[in-house]
Structure formats: structure tokens, C-alpha cells
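Spelled out from the first residue to the last, the chains are:
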Amino acid sequence: MSGRPDTEARRRHDELSRTIRDARYRYYVLSEPPMTDAAFDAALRELEELERAHPALVSAGSPTRQVGAPVDVAFAPVTHPTPMLSLDNAFDRAEVEAWAERVRRGLGSDDPVRYTCERKIDGVAVDLVYRDGVLERAATRGDGTTGEDVTAQALTIADVPYRLAVADPPALLEVRGEVHLPLAAFDRMNAERIEAGEAAFMNPRNAASGALRQKDPAATAARPLALWVHGLGAVEGVTFAGHSEALRWLADAGLPVPPETTTVDGVAAVWAEIERATAERHELAYETDGVVVKVDDRAQQERLGWTSRAPRWAIAYKMPPVEQQTRLLGIEVNVGRTGKVAPFAVLEPVLVAGTTITHATLHNELQVHAKDVRVGDTVVVRRAGDVIPEVVGPVLSARPRGTRRWRMPATCPFCGQPLVRPEGEAHHLCENVDCPNRLLESVTHLASRGALDIEGLGEQTVELLVERGLVGDLADLFRLEGRREELLALDGFQQRRVDNLLAGIDAARTRPLDRFLVAFNIRHLGPTYARALARAFGELGPLAAADTDALEAVDGIGPVIAASVRSWFDNPRNVQLVADLAALGVAPRAEAGPAGAGDGAGTDPTLLEGLTVVVTGTLEGFTRDEARAALEARGAKVAGSVSGRTDYLVAGAAPGSKVGRAEQLGVPVLDESGLLALLASGPDGGAA
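Described in the following lines is the structure provided in the data block.

Thresholds, definitions, all that
Residues numbered from 1 in each chain as written. Predicted model: local features only at pLDDT ≥ 70, side-chain atom pairs only at ≥ 80, totals over all residues. Heavy atoms only, no water. Axes fitted to C-alpha atoms, helices over the stretch in contact; angles between N-to-C directions. Helix = DSSP H or I, 4+ residues; strand = E, 2+ residues; numbered from the N terminus. Left-handed = near helix turned anticlockwise from the far one by under 90°. Contact = heavy atoms within 4.5 Å. Pairing = 2+ DSSP bridges. Core = buried A, V, L, I, M, F, W, Y, C linked by side-chain atoms within 4.5 Å. Buried < 20%, exposed > 50% of the residue type's maximum accessible area, 1.4 Å probe, protein only. Patch = residues over 30% accessible without salt bridge, like charges linked within 9 Å, V, L, I, M, F, W, Y side chains within 5 Å. Areas by Shrake-Rupley, 256 points an atom, 1.4 Å probe, with all protein chains shown as cover. Salt bridge = Lys/Arg side-chain N within 4 Å of Asp/Glu carboxyl O. Lys, Arg positive; Asp, Glu negative; His and termini not counted. Charge placed at Lys NZ, Arg CZ, Asp CG, Glu CD. Parallel < 35°, antiparallel > 145°, perpendicular 65-115°, else oblique. Disulfide = S-S within 2.5 Å. Phe/Tyr/Trp six-rings, centres within 6.5 Å; stacked < 30°, edge-to-face > 60°. Lys NZ or Arg CZ within 6 Å of the ring centre and 35° of its normal.

Looking at the packing of helix 3 (residues 93-107) against helix 9 (residues 266-280)
When two helices pack together, their arrangement is given by the angle between the helix axes and the distance between those axes. Axis separation between helix 3 and helix 9 bottoms out at 10 Å; the angle between their running directions is 145°. Here the hand of the crossing between helix 3 and helix 9 comes out right-handed. Residues Arg93, Val96, Glu97 and Ala100 of helix 3 form the contact with helix 9, whose own contacting residues are Val267, Val270, Trp271 and Ile274.

Overview of the sheet that holds strand 9 (residues 262-265)
What the five strands build is an open sheet, ordered 2-11-10-3-9; its pairing is mixed. Here the strands that pair on one side only, and so sit at the sheet edges, are strand 2 (89-90) and strand 9. Judged from the four bridges that link them, strand 3 (residues 114-121) and strand 9 form a sheet pairing that is antiparallel. Paired with Thr116 across the strands is Thr263, a residue of strand 9. The strands touched by helix 3 within the sheet are strand 2, strand 3, strand 10 (288-295) and strand 11 (314-318), with strand 11 carrying the most contacts at an inclination of about 175°.

A look at the nonpolar core
In this structure, Ile454, Leu474, Leu477, Leu480, Leu517, Phe520 and Leu533 are the most contacted members of the largest nonpolar core, which totals 54 residues. Not counting residues up to four positions away in its chain, the partners in contact with Leu477 are Leu446, Ile454, Leu457, Val471 and Ile505. Counting residues in hydrophobic clusters, the runner-up holds 35 residues, among them Phe75, Val124, Tyr130 and Ala211.

Digging into a negative patch on the surface
Residues Glu441, Glu459, Glu463 and Glu467 make up a contiguous surface patch of negative charge. Of the residues forming the negative patch, the biggest block, three residues, is contributed by helix 13 (residues 459-467). Turning to its location among the elements, Glu441 is positioned in helix 12 (residues 436-446). Under the relative-accessibility criterion, Glu441 is labelled partly exposed at 30%.

Focus on the environment of Trp306
Positionally, Trp306 belongs in the loop between helix 10 (298-304) and strand 11. In this structure Trp306 touches Leu85, Pro311, Arg312 and Trp313, once residues within four positions along its chain are discounted.

As for the packing of helix 23 (residues 624-633) against helix 25 (residues 672-681)
The contact between helix 23 and helix 25 brings their axes to 10 Å, and the two run at 30°. The pairing of helix 23 with helix 25 is recorded here as roughly parallel in orientation. Helix 25 is crossed by helix 23, and the crossing has left-handed handedness. Only Leu675, Leu678 and Leu679 of helix 25 make contact with helix 23, whose side of the interface consists of Ala627, Ala630 and Leu631.

Let's talk about the sheet that holds strand 20 (residues 637-639)
Ordered in space as 20-19-21-22, the four strands form an open sheet in which the pairing is parallel. Looking along the sheet, the strands with just one partner apiece sit at the ends: strand 20 and strand 22 (669-670). Pairing of strand 19 (residues 612-616) with strand 21 (residues 648-651) involves four bridges; the strand directions are parallel. Bridging from a neighbouring strand, Thr616 pairs with Ala651 of strand 21. The strands touched by helix 24 (residues 658-665) within the sheet are strand 19, strand 21 and strand 22, with strand 21 carrying the most contacts at an inclination of about 150°.

Considerations on helix 23
Along helix 23, the positions that sit buried rather than exposed are Ala627, Ala629, Ala630, Leu631 and Ala633. In the core, the buried residues of helix 23 are packed alongside helix 18 (527-537), strand 19, strand 20 and helix 25. Positive backbone phi, at 100°, marks Gly635, one or two positions downstream of helix 23.

Topic: the state of the cysteines
The final tally for this structure, using the stated rule, is zero disulfides. Cys412 takes part in no disulfide bond, and the closest cysteine sulfur, belonging to Cys415, lies 3.7 Å away. Between Cys435, a cysteine without a disulfide, and Cys412, which holds the nearest cysteine sulfur, the sulfur-to-sulfur distance is 3.8 Å.

Brief notes about the pattern of salt bridges
Summed over the entire model, instances satisfying the criterion amount to 41 salt bridges. For the salt bridge of Arg104 with Glu101, the shortest nitrogen-to-oxygen distance reads 2.6 Å. You can see Arg104 and its partner Glu101 sitting in helix 3, three residues apart, about one turn around the helix. For Arg104, a relative accessible area of 32% puts it in the partly exposed group. Among the residues examined, Glu101 registers a relative accessible area of 30% and is labelled partly exposed.

A look at the packing of aromatic side chains
The full count for this structure, using the stated rule, is eight aromatic pairs. Aromatic pair Trp99 and Tyr115: ring centres 5.6 Å apart, planes at 50°, arrangement tilted. Of this pair, Trp99 sits in helix 3 while Tyr115 sits in strand 3; the two residues are 16 residues apart in sequence, bridging distant segments of the chain. Given the relative accessible area of 4%, Trp99 is considered buried. Residue classification places Tyr115 among the buried residues on the basis of a relative accessible area of 4%. An angle of 85° between the planes, with centres 5.0 Å apart, marks the rings of Trp568 and Phe569 as edge-to-face. Residues Trp568 and Phe569 agree in their burial class; the two are buried. Connected via pairs of aromatic rings, a cluster forms that spans Phe520, Trp568 and Phe569. It is Lys215 that lies over the ring of Phe75; its NZ or CZ is 4.9 Å from the centre.

Here's the deal with the environment of Ala410
Along the polypeptide, Ala410 turns up in the loop between strand 16 (390-394) and strand 17 (419-420). According to the relative accessible area criterion, Ala410 is exposed, its value standing at 61%. A sequence separation of 93 residues divides Ala410 from Tyr317, and the C-alpha atoms of the two residues are 49 Å apart.

Quick notes on the side chain of Thr616
By the secondary structure assignment, Thr616 is in strand 19. Excluding its chain neighbours within four sequence positions, the residues that come into contact with Thr616 are Arg624, Leu649, Val650, Ala651, Gly652, Pro655 and Lys658.

Here it is in C-alpha cells:
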């Protein structure tokens, strides 16, 4: 379709243009984006399609012809040596292949093309200018031609070298990169802000942007910013044949280059790299939302050239969004197995990362207030990887009038008992052990895989047994053998189902002590420390009789866990439960682990600090959970996929494709004996 635009086309063009200009200003200048990246991309694509259909709507002032946003007058303006252009986007394989075909036609050759693939870092674009090896100026992108002088702020970032580490520095080197907040640092910073009663940042990108654009460099220095560099602008005094060669030179000069950057041949390999990057996006230490693909040969880049806003030799593949906007319909609370009360959001259904989300966590009352989310708000909802969906924060520009701050209810919605918040803790508690929802959550948990692993005792079955009065605590499960006829009378409980359920419960009698401790729902006591206690005391009786001093004497058990365990065993209801289990012949004992495995007890929690380990295949002496717990107890991070940041791959039987990937990346592969050596001696043992 072409020709003169009709009234509706002009109206829509004006509406989209205003929306995009406002979003850019709020994103780049105010660090307060009014919409998700996905919504912005959709609006820009619609505007581009509208202009293709109606060329008369195109003007030099159109948002499709502009980059970034106007500079903030609070900072001195800076003209970049070469413009900081934007990138064209691709959202699927067909669009990536179409771009590669345009590259082929532009080069006029069928020869294979090498491409460099870089993670698209969700940070703040910066331009660093080095003259004779010394940092002269750092600037934000601004409108692509003129940015804001943030030299003093950038020099507070540890990753930004003041002087390049080269013997013969070039006369001029313009370096492009992204200032960002590593995820672990962002989480720590937000936790500290919430604890101090301050508003939490919505995401790492906003926090990084706000930090870099602080007028006082000391305020920038107070936030743990980092830098990745990914390209060059103007260069005098040094030449590079390829983009990958330039990145290696920058790394040698002391500038940080993401280790995940790779160079491949042909578009099929590009797509394989995109798929790998998408699968690993949540394993990285920083936020990434895509892959930037660049023709590696710099001579070919020159031949392909640029449009007014983007290079023809590069494209940004945008990964499916993990954030979307929707409306907050209500805030309700749930009571968990330990009595912890957690608010959650009731949402207008929204599709996030391939899943329709109707509920999302809000953690606790402090976080609700720190994020200032209110019923009726348009909110940003995030679902990254397998993480439970959470409300990131409100879109304040869309807040309706008359909204009110949410307050935690005074009483439990399930039993009506008062809710309390212990001093120094963020969560409220329902202390009524007979609370019907606590009971449901508790019995469901004790039957779960991480506790007693009772086959056939799922959530619906638990709900029915509790509702009919057949189960009120853990001991009641082991009494069900004597109530077989009552089970057979339940709807859907045929002979075979009852036999399987009772067989599963009977098998649970012999679970080791640490699994029973997990099943008891003791606050603050997770699987790792449950194993430590089980191995220290051996049986339930001695543990139940231990005082807090004896509990704290166990390596890894601090005063909070010790007090919680002692409090649980002092509760009369639990005293009776332990006695009932003994009367029923249930006497759990500690299970000896594989030699050298450990579980956190008696180990150095910093032995493997900073290491990333992937476990694959079947191990003889460990379950997957036990291997993870042993590694994490020593400070390692256990990831789900192999990447350039993986330090070791532990491979058992039938390991799958991860071994090949590790060998390709040069990641050391350990068998089970290698894992034991790593756990016992740290990296030296792993190397041996």
C-alpha cells in the first residue's frame, strides 16, 4: 500500500511519534522508562511499517530517523568523534537470515562471511576517548552526535582504566561500551535499600543509568558499576583487520571485553550462537536481552557502510522479553508451611516468556512499600528463567488517581489469628500451628521430593486427606495403614491407588534423619544445614535434647538456626509428634555420605568461592541435589548450562551434549573422583 496517507494514518503516526519521543526521553534522560523494551520495540516497528506504507509521513524529525534522546542540560555537552548510531533489530531467524542475505548482496560475493556475536548488554551506552593512551573524556550516547560529559563519574568505575596498558598507545582511540550493574551487586544494593526503608530500583539498567548521571561523582562511586566494551569509533595510530582482532587488542590494553563474545562462519553458525546465548541468558552475571551480530572483517564493514541511523554490517537480535506490563487487580496473602505470610499480586493475565501469568510474588510488606505498588497500577512483571514471576515495580506515569498504599492485614485470612512480625525480620508470621493453610502447605511439603518423597501424595490428595480429617500432622501419615477402609471409601481411591500410597508412606519410614528435619518445616533450616545436624547428632533423640550451645557447636550452624531448632523441639505439639513417631516405629538416623563429599559441615565456605560449576549426567555417590549442596556449601555457583564463564563441568554417566560444549570452550571436565578432589582441595584438587 502506498500513496497519500489518510487521516487515520496521520493520527496514528503522530500518536506513535509522541509516545516514542517521550519514552526515549524518560529512558535516556530520566532513567524512568514508561514502558517495557518489548512495548517500545513494538511501537517503533509499527511506526516504521506505517512510514513504509506512507512515505509522505517520513521527515528528518521522525523518531525512525533519530538515535537516543536530547542531552540533559545539567551536564556539559560533548560531540562524539564519530556518531554513536543505533542498530537495526531482528526478532526471529527469518529476519536474521534476511539481514545476512542483504550483507551478501551488499558485498557482491558468495564467499563465506565471518561474524562476531556479542551479548547485547542491558546497560548504558558510553563513549570513552583515549588520546595517547590516557582517558580524555567519557560521554553518554545522548542523541548519537552529542552526549553528556560524565568523565568524572566514569573514572569512579574500577573497570575504566585511566591509562591504557600498551607500550605504544595510539594517538586517538574511541571506545564504545556499556556501563551496567552486575546482577549480584544489584540484588545486594536493593536489599540494603529496602532494609533502610528506601525505594528499590526497578532493574539494573535504570540503577546504572541513574548512577552514571549523578552530578556528584562520589554518588556514582557508591554504586558497584561495571563496564563491558564492544567496539570502536574513531582510531588514529593503530589498524585492525577484523572486529574480533580489535576486541582482543582492547582486552590486552586493559579494557574489559565480555568472554562470551565469539566469532563464527556463516549465518547457520550465527543462529546456533543465538540459540545458545538465549538458553544461557539467565546464567550470566549481567543482564542481557539479545545478541549483536557484526560482520567481522573491517574492510567489508566499510564496503557495506551505514544508513542515517545504523550500520548495514551489524544487527541486534532481540531475545523474547522476560518483562511485560499488566494491571494489578489486587494484593492478597498466603500463609506457608512455617507460618510465613507472603503477599502476592493478582494480575490481569499477561504472557511473559511464553507463560500466561496471573499471579506474581511481592515477597513481603517491606518490598511492597519499597516498590510502592498499589492496586490499580500498571505494573512491570518479570519472569526470568525458572524464577517465580515477580512484580518489578509500577509504571508511575500510568498510575490512576486515588490509589492507596497497601497494608498487611492484621489477622490471618485462613484462621483469623493475629499476624505478628518478629523484631528484626521482614516477614509477618501466623503463629497458629493449626492454621488450615499452614497444615495444607506443611503436609504437601513433607511429601515433596526434597523431604520424604512420598509417591502418590500430591497436593490434591493432601487437600482431600486433610479435609476428611485423616491427616493432621506427620505422624498421621504413618497411621494411615490402619485406616485403609476409610481411604478406599474416598472418591477415586481404588485398591491399587491406596496400595501405592501406603507403599510410598512405608518407604518414607526409612528416609534419613536430614530428610525428616526438612519435613518438620523448621524455620531457617534448609537441606544443607539439616544434613550437618543429622551427621553431628546421628539420631532424632539426641538432637531433640541438644541445647543451643550444642547446636551452635556444629560447623555452619549459627545462633539464628540454633534458636529456631531449639524452639521447634520445645513446642509441646512437636514434643508429642516426636513421641508419636517413636511409638509408630519411625526412628530416622543419619545417612553417611560418600567419602569426601561433605555437605557444608566442617568445610571452608570460601573454598570454591567465585567458581561456576555445571553438573551433568548420573553420579554414583551423589544425587544431583547432593552434589549441588556440597558445591554451594563451599561457595561455588552451580549453573545449568556450560558457557564461557564455566570453570568446571562435572560429568557422570550419560552426560549428553554438555561435554562437547565444554571441550569446545576449553572448560575442564571432571569425573566423580575429580568432583571429590575439588570438594576436598579446591581448584588445586580439580586441576589434579
